[in-house]
Every structure is written in structure tokens, then in C-alpha cells.
Amino acid sequence: MIRDITIGQYYPAKSVIHRLDPRVKIVCTLLFLISLFLQNSILGYVIATLFLGAVICASRVPLKFIVKGLKPVIMLLMITVLFNLFLTREGSELIHIWIFRITDKGLRIAVYMAIRLTYLIMGSSIMTFTTTPNSLTDGIEKLLHPLNKIKVPVHEVAMMMSIALRFIPILLEETDKIMKAQIARGADLESGNIIQKAKAMIPILVPLFVSAFRRANDLAMAMEARCYRGGDGRTKMKPLVYHGRDRAAYVVTVAYMVLIFCVGRYVPFHIWIF
Amino acid sequence: MDMIQSEELIFEYEKRDEEGNVIGMNRAIDGVDIHVSPGEFVAILGHNGSGKSTLAKHMNAILVPTGGTMWVNGRDTKEPAELWNVRQSAGMVFQNPDNQIIGTVVEEDVGFGPENLGVPTDEIWKRVEDSLKAVGMLEYRSNSPNKLSGGQKQRVAIAGVIAMEPQCIVLDEPTAMLDPNGRKEVIRTIQELRKKKQVTVILITHYMEEVIDADKVYVMDSGHVVMHGTPKEIFSQVDLLKKYRLDVPQVTMLAEELRKKGLDLPKGILRTQELVEALCQLS
Amino acid sequence: MSIKLEHINYIYSPGTAYEKQALKDISLEIKQGEFVGIIGHTGSGKSTLIQHFNGLMKATSGALYYDGKNIYETGYNMKELRSQVGLVFQYPEHQLFEVDVISDVCFGPKNQGLSQEECEKRAKEALELVGFPEKYYKQSPFELSGGQKRRAAIAGVLAMRPKVLVLDEPTAGLDPRGRDEILDQIEYLHKNTNMTVILVSHSMEDIARYVDRIIVMNHGEKMFDDVPKAVFAHYRELEKVGLAAPQVTYIMHALKAHGMDVHTDATTVEEAAEEIMRSFHD
């Protein structure tokens, strides 16, 4: 039942992108996302497409998988596109049927918006597909480390995230078990109005919370028994160290940014498709 | 010097009513003296609620005595300055295999302890590899713990403790939630570990079959040590064990039955082989 | 009220990389009033099998008849089936949720649509059946000891007055005395109510003393289905699949190998003692 939900969709493969330092992937993904909004020209989109295509190729994640990741947001995408398409009043009119008016500008904005959003999702899913949730957490911890100075508990938050990642599948399985046990006692989880349904969840939620707290208690004890005392004085089994390939990735991404920026700024020709 | 020593150990906790007011004290451990020498294999037996797990938690300073003293490797567990030394000296494996694995990958979990101790990275990798090898789980090093069986998870937990290089390992009912195969797997791992490394083992359990190889057995009931001796001495008192809500292996039980029926068998038979030989001598 | 399985197959996540056949062509019949043990190691399919008995899992193919009716036919009343075939899961105390024991035990009858009075009547009756002390009826289930919690949870299923009681590892995590108490209580239940009892376990020692029939599961297949003595006679094969006969079986075989004139089919300590004494007297 509930076990079909998968969280942290990592695609195991051996590629140069998989091997990159998580910090590189986080920073470069952010830069790529920014780049999408920095420019507005056809040439810029061509460059972004080439860059994204190259990264996808290098990651060895099948395109099919990445496209699948778009599914949950397709509605959002459609709505954005339709709004831009029909609600843009400026520009010269292309089609006018009844109250619907499509202008050239509206069409342009809609198409660009669609591309931006699609690339945004594809770009970030490349990151999650090639980075285990754990190393992502490591990357975030290391990147945000300077915030420690202003008393942000970066290590603790990162530790909580990785523990959550470990226990999500266990708690999902547990939910499944409790649901089955209550169904066996005649619980009806499906029918009824929303209030009845919410009430029917109590026999599931109470045991689930009890179990989660028990686990938390046990885990805290086990961590203490293994000398855990926060981030101070701790060493790392897998410390994040930049390698040649990481530096190269930064260089490539920065070069791409510069290129996009220059295209947006200095290349004079603004040729629209239409 | 004893590896673990307790003197007149007492542990009390407050009993509260529904509003949270203290209405009295519960004594979970009441004047316990134990001695464990370095390298020994000591078993602590008792039914659920006999205080055996509470005692185990004192060996790792998760709990500190409210009366009397507990020394681990010569260090008084009450001293706050000794806390981390105590925990490093006496590693602890718990009952629930899921609730003590922190890492999302086997090797990262084994590395968790050494990381906390501030061990240099290269050394962590060495220790992780050694410990996983010692429990026979090296080939699973990059697996997710969620995909392992209960017995395998406990072996990972044991490796996680060994990687901290303790002098002593305390196992608090490590087999209570496992199936018979998982139970055998864990006990075999502990036995091999004792052969490979000079490590003191304290096993808390209520499965009698698991303690027949122990050097010494303590039996607990309502916070007291009520019996102690070699497994042979303990198992020869079948009726007393029953009184403390414990069991004996079927072979011991059978020998006892036969003695009652008039056969002249020695007391405290622990293994099938012993019984068969004794019976063959009679006939 | 028999449960009859005909060529039941169950496949997990069919059509994916995780596809796994958990049950392979299982046919068996359990008659009203039987006391059956189902044995197998973790992953042998025994838990999957029992979840078919009350329709929680639906076979990929095959048919299951309860009281002569095929439960997979459209319009079959599954809710009714679930109150007839009570299923007690492993660590059933993890399903407790109410403020006090009696309300928790009432949950099942309430779901059957019974009046408050009738619910309480049945709850009390069920708690009595499992030997749960009356002074704890109004106590929070979370404050009970492990053994009492488990009794309360089993009562929660019994309160639905099932005709068949299926228990998955009812002794897991209990100490020896707790284990004996629960098993004795289940035996008492069986004797006094004519309920069919199906006991799932991985401990042969536990089961040998109580049940009349043992079904051994291995890799999703039914390996043996016979009276305990006959099943344990295959102790070498049981060992190969990671199960073991009770220790006494081994002792008897060892004695025989050493030339003693004993029958090797004893399954309990008492039987073994008698048999050895007999050989001495002869």
C-alpha cells in the first residue's frame, strides 16, 4: 500500500557527475537555476539546452527517468503556461476567438516560462538523481558551516536530516503494519466523510507516534552510548575534499554563466522564433 | 584489576502519579555486587523486569548509580570527567536492531563511533574494515541497513561497537527480537570475536542456550543478584531457576526428569553429548 | 467453518524488478476446532500466508473458501470475514491506542456496529479469556508490563468473537515464563471455546507441546503438513532449510545411534523421559 512511495530518488550509476563533490553539485545547480532567469534570448536558451544536455549525458541517468520527474508538476506547468498565454495583453494580436486573445508577446512569455520551469526541474532532479541523500546532507552541512559562527546549529540540523532519511522507510513500513492490524480489527479507513476519515486515523496515528517516540528514545541512547556529543571534536569518515574534477566542474559552470550573461547583455540580435 | 566491578550498587527512580507528583521511589537495582575480570565471558540472566537491563546501562554510564559504585576499567562511572572514557571502554549493543543503527549505509554506521571519538579519517577506514571483517559483514559494507536481516543488523551494531576499540562489550538482550537463525548468527559472531580479539563480553539474555559457554553466570530477580556461579552450577538448580521465571535447555530438563525418575545422572548437564555419554555409561 | 486454500499463488510487486513469488501453489484445508502450527524461518512466506486467511492480502491466483464460500467472489463481505477470522499480528501491543484497556478492547466490537453495552460485555469476556486481571481494566494500556500489554491486544481481537484465531509469533520478545503463560492461555482458549487456533512460530520447541498439526513453510512452498511426530522425523531436511526439530529429537537420535533401544519420535521432554525409562526397564 503505502510502501510504494519512494523518497530520495537516487539513481545508482557510475558517472563523473555521481562522483562530483555534493557541494559542487549544489552550487552549480543553483547557478544553473539563476542562469535561466538571467537571460531572455533564443541564443541563451540554446546554450542552456546544450549545457543541460551535456550534463545529462555525462550523468548516465536515462532521459526517460528525468522526464518522469516532471510528471508531478505537469499541472503547475500547464497553468503557468495558460495564464501567460491568455492573460498577456501587450504585443500584437495573433489570434482572437471570442474572449480569448493571444498576442505574440504572450506566446513568447508562455513558451519561455515553460522552458524555464522544465529546465529548472530537470536541473535539480539531475542533482538528486546523482547524489545520495546522505551526501547531499553532508554537502549542505559543509556549505552552511560558516553559519555556525552566528549560532545556527548546522551540524545538528544535518544530523537530524540524515536520521530522518534513515527512519522514513522504517516508519512507512510500520504505518503499513499498524494499518493492517487495525483493519484486521474491523477498522474502516476508506468510507465516510472527511471528519469520519480523520477520526478513523486516530487508531493509526496514536500507535505510530508512540512507536516513533520509542524509537527516538532508543536511538538517542544508542548514539550516546557510542560517544556522540554533538559536532565538536568530531572527525569525518568521508570528509568532503575537492578534487581536480570538482574544480573543473566549477570552471565549466562559471564559464557557462559568463557566456549566458554576455549573451544576454552584449549580443545585439534578439531574434524571436516568430 | 576488574574490568567491571560494582559495589552495593543501587538505582532508584521516582514513581509519579498522573499529575506528575512524586509518590515514592522504585528500586530497580538493590545492592548488587558483580566482578568481571578482563577477557571473561559473563552472562547476566533474568526475566523481563528483573533489573538486568538497568544494570547493563550502568556499565556504559547511560545510567549512574543512586547509591554504591560502579567501576568500569577502574574508572568510577559517577565522575562526569570519566564519562567518555567509560563509554569508550565498554561498548554497548542494544535489543532492537533497527533503533541503534544511525547510518544510512552499513560502513558509515560502523564509522559513527570512531567519528565521535575524533579518530583520524585514515584510521576510521581501517577500523571500519577490520570490524566489518570481524563480524563477517564486509561484503555488505555499502548496503542500506534496511535491506539486512535482523541478525545481520545486530552484527553491524556489534561492528559499530568494535570499531571504537573497547576493552569490553556489553550486549543487552541482543537476540530477543531475532528468529532462531538470527540468534545463532549473533551468538556465533560473539564467540568468534572472543577468539580473535581479547575482549571482555557481558551478555544479558533470557535464553538459556546462549549462556552455556559463559565463564560465569549471574541470575537477577527484582533488582538483586540471586544466583551466581558457573553455568554448570546454575543449571543444576532447575527448580530455583523456574522460581525466577527462567527456563533450562531441554537437555538439562530431560536429565533432571530422569534423575527424578531414579536414574543416577550427574547434575547440571548442559549438552546433548554429555547426556548421551552419561546414559550410555548407565546402561 | 473451514478455511480451504486451492492453488494459492502470491506475487509481490509483479512486473517490476522487485518481483518475488511469496507463495507458490499452496493448497490446504484447516477444519473448525483444529490447533495448527505454521513454522518457517523469516521470509518463508508464513506471514503472507496468514494474511490471506482473513483477506488482508489477495492471492494473485487461486481460490480461498471460508465456510464453503469463495472469498474472492465479488460482493463477498470482507468485513464479516475479518471478524470471523481474527488475526493477531506480531508484537500486537504496538496497535494499542485507547486511553484505557477496556476501550481499546472495545474497538473491534464497535467496528462491528454493536451497542456500547454489548461491546463492553464482549470486551470483558475477552479479557477474562486471556487471563487479564480486572483491576487493570481502567488503566492506560501504555503503562502495563510487556506480558499484560500482549494479553490486552489479543483480547482486542477475541472481543470480535472470531471462529478462527490466527496468532503471528505471539511469544516474540517475552521471557520464558511469559512465553509459557501466553501459550498455556492459548491452549486453554482452544480447549474451552472450540475455536480454530493457528499459531505461527519459528520455534519448534514451543509448538511441539501444543499443536495437533504442523505446516512447515519454506521459500513460499508448503514443505510438510502433518502431525508433529511425523514432521520432526524429517529433522535432517528441516535443518537444511534453517529450521530445527526440538532438542529432544536430537537427543533420542543420538541415543539410538549409541545403541540404546529407544524410539526416536518423542517431541517433548516428558515423552523423552518416559521413553528412556522404558528402555532402561526392559
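Just so you know, the residues in each chain are numbered from 1, in the order the chain's sequence is written. Chains carry letters and ligands carry numbers; both start at the beginning, A for chains and 1 for ligands, and go up in the order they are written. Local features in this predicted model are restricted to residues of pLDDT 70 or higher, and side-chain atom pairs are both shown and tallied only at a pLDDT of 80 or more, whereas totals for entire chains, interfaces and linings draw on every residue. Excluded from the side-chain calculations are hydrogens and water; all other atoms, namely the structure's heavy atoms, are used.

With that settled, consider the overall build of chain B. A run of H or I in DSSP becomes a helix once it reaches four residues, and a run of E becomes a strand once it reaches two; helices and strands are each numbered from the N terminus. A count of helices and strands for chain B gives ten helices and ten strands. For 283 residues, the compact-globule estimate of 2.2 N^0.38 gives 19 Å, and the C-alpha radius of gyration of chain B, at 20 Å, lies within 12% of that figure. Viewed in the frame of its principal axes, chain B has a C-alpha envelope of about 65 × 50 × 40 Å. Each residue is assigned to one of three classes by its accessible area relative to the maximum for its type, calculated with a 1.4 Å probe on protein chains only: buried under 20%, partly exposed between the two thresholds, exposed over 50%. The buried share among the 283 residues of chain B stands at 59%. The contacts of chain B with a sequence gap of at least 6 include a subset with a gap of at least 24, amounting to 63%. As presented, chain B carries roughly 11100 Å² of accessible surface, and 45% of it is formed by carbon and sulfur atoms. All tallies of charge rest on Lys and Arg as positive and Asp and Glu as negative; His and the ends of each chain are not included. By convention, charge coordinates are those of NZ in Lys, CZ in Arg, CG in Asp, or CD in Glu. One way to put it: in chain B the 32 positive side-chain charges average out to a point 4 Å from where the 43 negative ones average out. Put simply, the radius of gyration uses C-alpha atoms, and a globule should come to 2.2 Å times the residue count raised to 0.38. The contact definition used throughout considers only heavy atoms, calling two residues in contact when any of these lie within 4.5 Å. Computed with a 1.4 Å probe, the accessible areas rest on the Shrake-Rupley method; for each residue, only the protein chains presented here act as cover.

Here the focus is the UniProt feature "transmembrane region" (unreviewed entry) in chain A. All names here are of chain A. UniProt positions are given in the numbering used here, feature names are shortened, and annotations may be inferred rather than shown by experiment. Mapped onto this numbering, the UniProt entry annotates "transmembrane region" (unreviewed entry) at residues 42-63, 69-88, 109-132 and 248-267. The straight-line gap between the two end C-alpha atoms of residues 42-63 is 23 Å; of that span, 86% is helix and 0% is strand. Across residues 109-132 one finds 92% helix and 0% strand; the C-alpha atoms that close the span lie 36 Å apart.

Attention now goes to the sheet that holds strand S5 (residues 69-70) of chain C. All names here are of chain C. Strand order in this open sheet of four strands is S2-S1-S4-S5, and the pairing throughout is antiparallel. Of all strands in the sheet, those bounded by a partner on one side alone are strand S2 (20-30) and S5. For strand S4 (residues 61-66) and S5, the ladder comprises two bridges, and the chain directions are antiparallel. Bridging across to S5, Tyr 65 finds its partner in Asn 70. Every axis corresponds to a line fitted to the C-alpha atoms, with the helix fit spanning only the stretch in contact, and the corresponding angles, defined between N-to-C directions, vary from 0 to 180 degrees. In the packing of helix H1 (residues 46-53) onto the sheet, contacts are made with strand S1 (3-12), S2 and S4, and the angle to S1 comes to roughly 125 degrees. The pairing criterion is simple: DSSP has to find at least two bridges between the two strands.

Attention now moves to the packing of aromatic side chains. In this description, an aromatic ring pair is defined by two values, namely the gap between the centres and the angle between the planes. Any two rings among Phe, Tyr and Trp, with Trp reduced to its six-membered ring, count as a pair given centres within 6.5 Å; such a pair is stacked if its planes are under 30 degrees apart, edge-to-face if over 60, and tilted if neither. Per the counting criterion, the structure on display carries twelve aromatic pairs over all chains. An angle of 70 degrees between the planes, with centres 5.7 Å apart, marks the rings of Tyr 242 of chain A and Tyr 250 of chain A as edge-to-face. What makes Tyr 242 of chain A partly exposed here is its relative accessible area of 28%. Centroid distance Phe 132 of chain C to Tyr 137 of chain C: 6.2 Å. Interplanar angle 20 degrees. Geometry classified as stacked. Each member of the pair, Phe 132 of chain C together with Tyr 137 of chain C, is buried. Of the aromatic side chains, those joined through ring pairs into one cluster are Phe 32, Phe 51 and Tyr 256 of chain A. If you follow Arg 229 of chain A out to its NZ or CZ, it ends over the ring of Trp 84 of chain B, 4.4 Å from the centre. Comment: the charge-over-ring label is applied if NZ (Lys) or CZ (Arg) is within 6 Å of the ring centre and within 35 degrees of the ring normal. Geometry around Tyr 72 of chain C places Lys 58 of chain C over its ring, the cationic atom sitting 4.8 Å from the centre.

Take a nonpolar patch on the surface next. Residues and elements named next belong to chain A. To count toward a patch, a residue needs a relative accessible area over 30% and no salt bridge; like charges are then connected within 9 Å, while nonpolar side chains (Val, Leu, Ile, Met, Phe, Trp, Tyr) are connected within 5 Å. The salt bridge definition used is simple: a Lys or Arg side-chain nitrogen within 4 Å of an Asp or Glu carboxyl oxygen. A cluster of nonpolar side chains, Ile 140, Leu 143, Leu 144, Leu 147, Ile 150, Val 152, Val 157, Met 160 and Met 161, forms an exposed patch at the surface whose accessible area comes to about 710 Å². Among the elements of the structure, helix H7 (133-143) and helix H8 (154-184) are those that each provide at least two residues to the nonpolar patch. For the nonpolar patch, the leading source of residues is H8, giving three residues. When you line up the elements, Ile 150 lands in the loop between H7 and H8.

On to the sheet that holds strand S3 (residues 41-45) of chain B, then. Residue and element names in this part refer to chain B. The six strands lie next to each other as S6-S7-S8-S3-S9-S10, forming an open sheet whose pairing is mixed. This sheet does not close on itself; its edge strands, each paired only once, are strand S6 (90-93) and strand S10 (224-229). Direction aside, neighbouring strands of the sheet carry axes that sit 20 degrees apart on average. For strand S9 (residues 216-221) and S10, the ladder comprises five bridges, and the chain directions are antiparallel. Counterpart to Asp 221 in the pairing with S10 is His 224.

So, about the interface of chain B and chain A. If you look at the interface, chain B gives 37 residues, while chain A gives 29 residues. Here the buried area means the combined drop in accessible surface, using a 1.4 Å probe, for two parts upon being joined, counting both sides. Interface area, chain B with chain A, both sides summed: about 3000 Å², of which 55% is carbon and sulfur. For the salt bridge of Glu 108 of chain B with Lys 238 of chain A, the shortest nitrogen-to-oxygen distance reads 3.0 Å. Two N or O atoms count as a polar contact when they lie within 3.5 Å, although within protein this holds only if one can serve as hydrogen donor and the other as acceptor, and sequence-adjacent residues are included solely when both atoms are side-chain atoms. Put simply, chain B and chain A have 20 residue pairs in polar contact (both at pLDDT 80 or more) between them. Where the side of chain B that touches chain A is concerned, the elements lending two or more residues are helix H2 (83-89), helix H3 (106-117) and helix H4 (121-134) of chain B. Among the elements that line the side of chain B that touches chain A, the one with the most residues is H3 of chain B, at eleven residues. Side-chain classes are defined by residue name, with Ala, Val, Leu, Ile, Met, Phe, Trp, Tyr, Cys and Pro counting as nonpolar, Asp, Glu, Lys and Arg as charged, and the others, Gly among them, as polar. Here the residues of the side of chain B that touches chain A sort into 16 nonpolar, 14 polar and seven charged.

This paragraph deals with the interface of chain C and chain B. With 29 residues of chain C at the interface, the matching set in chain B holds 30 residues. For the chain C and chain B pair, buried surface summed over both sides reaches about 2700 Å², with 63% attributable to carbon and sulfur atoms. Where chain C meets chain B, there are three salt bridges. Linking Asp 247 of chain B and Arg 179 of chain C is a salt bridge whose minimum nitrogen-to-oxygen distance equals 2.6 Å.

Residues and elements named next belong to chain A. Look at helix H2 (residues 22-38) against helix H11 (residues 244-266): their axes get within 10 Å of each other, and the N-to-C directions meet at 5 degrees. Classed by the angle they form, the pair H2 and H11 counts as roughly parallel. Residues Arg 23, Val 24, Val 27, Cys 28, Leu 31, Phe 32, Ile 34, Ser 35 and Leu 38 of H2 form the contact with H11, whose own contacting residues are Asp 246, Ala 249, Tyr 250, Thr 253, Tyr 256, Met 257, Ile 260 and Phe 261. Residue classes in the contact of H2 with H11 are distributed as 13 nonpolar, two polar and two charged. Should an angle fall under 35 degrees it is taken as roughly parallel, and over 145 as roughly antiparallel, whereas 65 to 115 is taken as roughly perpendicular and any remaining angle as oblique.

With that settled, the discussion passes to the pairing of S9 of chain B. All names here are of chain B. Counting buried positions over the six residues of S9 gives six, a clear majority of the element. Of the strand pairs in this sheet, S3 and S9 are connected by four bridges, and their pairing is parallel. Residue pairing across strands places Leu 45 opposite Val 219, the latter belonging to S9. What sits between the antiparallel neighbours S9 and S10 is a turn of two residues, in which Ser 222 has the positive phi angle 35 degrees.

Another point: the confidence of the model for chain A. What pLDDT conveys is the predictor's confidence in a given residue, as a value from 0 to 100. Taken over all residues, the pLDDT of chain A has a mean of 84, while the share at 70 or more is 94%. Segment residues 1-8 of chain A: pLDDT under 50, and eleven contacts once partners within four positions in sequence are set aside and those in other chains are kept.

All right, on to H3 of chain B then. Residues spaced three or four apart along an α-helix face the same direction, because each turn holds 3.6 residues. Among the twelve residues that make up H3 of chain B, ten are buried, leaving the element largely enclosed by the rest of the structure. Looking at H3 of chain B, one finds that the buried residues are Val 106, Glu 107, Asp 109, Val 110, Gly 111, Phe 112, Gly 113, Pro 114, Glu 115 and Asn 116 of chain B. In this fold, the buried residues of H3 of chain B make contact with H8 and helix H10 (202-225) of chain A together with H4 and helix H5 (150-162) of chain B. Gly 118 of chain B occupies a position one or two residues after H3 of chain B and carries a positive phi of about 80 degrees.

Take the side chain of Asn 9 of chain C next. Following the sequence through the fold, Asn 9 of chain C ends up in strand S1. In contact with Asn 9 of chain C, not counting residues within four places along its chain, are Gln 21, Leu 23, Lys 24, Asp 25, Ala 59, Thr 60 and Ser 61 of chain C.

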